[in-house]
Amino acid sequence: MSEPPASDNCIVVRDLTKSFGDKRVLDGVSFDAKPGEFVSIIGPSGSGKSTVFNMLAQLDRPDSGTVNAPPCAYMPQKDLLFPWRSVLDNTTLGLEVQGVAKKEARARARELFPVFGLDGYESARPAELSGGMRQRAALLRTVVQGRSVLLLDEPFGALDSLTRSDMQSWLQQVWSDFRWTVLMITHDIREAVYLSDRVVVLSPRPAHVRRQVEVTLPRPRSLGIVTTPQFAAVEKQLMDVLLNVSSPR
């Protein structure tokens, strides 16, 4: 069920349950997100993180519970760029599906190419791009739809360590400029701490929210912050929650 969000929250998830056959995946998942907030969701593999995203994107329905959110733009784990289309024409796909005329869609996407570090690559094919540039193109395709809420499912999971760090810094910068509400799934605790205002920790399946941890580190955050005691303390707190599999609700 999807309804307009209530109160001061942009997203309200309440008591979600979901089973696939006889396998219970979600068991009362609840959390909120405020407008402009960056929230990461972490948890063991198979704990239902992507299932929650599918409900937020209205690709699936819960067995019970509610999802209150505005229309979301969803970026899946793989960039899913079509190799036969130019980078520009890949970034317009979401708009074209919405019925936007191709000329207008191209104009809207082209405006963002300098912001996303892709200026001059409009006519290139995806195979000509580095991994980081492909992810930027995929995110541009997501953002150009004009939605205020972005769902990012492991956006940098396939990148090497150096490229991933560069992309994390870049994402922090463009998020601070545009102030989207972002929900991001990640298995990288350090990434979650570096980027987020708050981290939601899911339990193993059937999942519930084990804990929500505020990240009060000052912004903007340089990559050097990961070596500070304050950063390490938040990282350790999250690791302790994840490893304490017998933690009560």
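One can find the structure itself at the top, above this paragraph.
Here the structure is a predicted model, which is why all the values come from computation and not from measurement. (Residues numbered from 1 in each chain as written. Predicted model: local features only at pLDDT ≥ 70, side-chain atom pairs only at ≥ 80, totals over all residues. Heavy atoms only, no water.)

A. Up close: unusual backbone geometry. Look at the link from Arg 205 to Pro 206: it is a cis peptide, with omega at 0 degrees. The amide bond that connects Arg 219 to the next residue, Pro 220, takes the cis arrangement and shows omega of -5 degrees. Structurally, the position occupied by Pro 220 is in the loop between strand E10 (209-214) and helix H8 (229-243). At Glu 154, a position not held by glycine, the phi torsion is positive, near 50 degrees. Looking at the secondary structure, you find Glu 154 in the loop between strand E7 (149-153) and helix H6 (161-178). (Helix = DSSP H or I, 4+ residues; strand = E, 2+ residues; numbered from the N terminus.)

B. Region of the structure containing the sheet that holds strand E6 (residues 72-75). In space, the six strands of this open sheet follow the order E6-E7-E8-E4-E9-E10, with mixed pairing throughout. Edge positions in the sheet fall to E6 and E10, since each has one partner strand and no second. This sheet shows a mean twist of 15 degrees between the axes of neighbouring strands, independent of strand direction. Bridge count between E7 and strand E8 (residues 181-185): five bridges; the pairing is parallel. Opposite Leu 150, over in E8, you have Val 182 as the bridge partner. Relative to E6, helix H5 (residues 131-143) is tilted by about 160 degrees, and along the sheet it contacts E6 and E7. Packing against the sheet, H8 makes contact with strand E4 (38-42), strand E9 (198-202) and E10, and its axis sits at approximately 180 degrees to E10. (Pairing = 2+ DSSP bridges. Axes fitted to C-alpha atoms, helices over the stretch in contact; angles between N-to-C directions. Contact = heavy atoms within 4.5 Å.)

C. Broad picture of the nonpolar core. Leu 139, Leu 171 and Leu 238 are the most contacted members of the largest nonpolar core, which totals 53 residues. With six residues, the single largest contributor to this core is H5. If near-sequence neighbours (up to four positions away) are discounted, Leu 238 is found in contact with Ile 42, Ile 189, Val 193, Val 199, Val 201 and Val 213. Of all hydrophobic cores here, the second largest spans 26 residues; its members include Ala 33, Val 67, Ala 69 and Val 149. (Core = buried A, V, L, I, M, F, W, Y, C linked by side-chain atoms within 4.5 Å. Buried < 20%, exposed > 50% of the residue type's maximum accessible area, 1.4 Å probe, protein only.)

D. Representation of H6 within the structure. With 18 residues, H6 should cover 26 Å at 1.5 Å per step; its first-to-last C-alpha distance of 26 Å lies within 8% of that length. Of all the positions in H6, only Arg 164, Met 167, Gln 168, Trp 170, Leu 171, Gln 172, Val 174 and Trp 175 are classed as buried. For H6, the side-chain oxygen to backbone nitrogen distance between the N-cap and Leu 162 is 3.2 Å, and the N-cap itself is Asp 160. A positive backbone phi angle near 55 degrees is found at Arg 179, which sits one or two residues after H6. (Expected span 1.5 Å × (residues − 1). Polar contact = N/O pair within 3.5 Å; in protein donor to acceptor, adjacent residues only side chain to side chain.)

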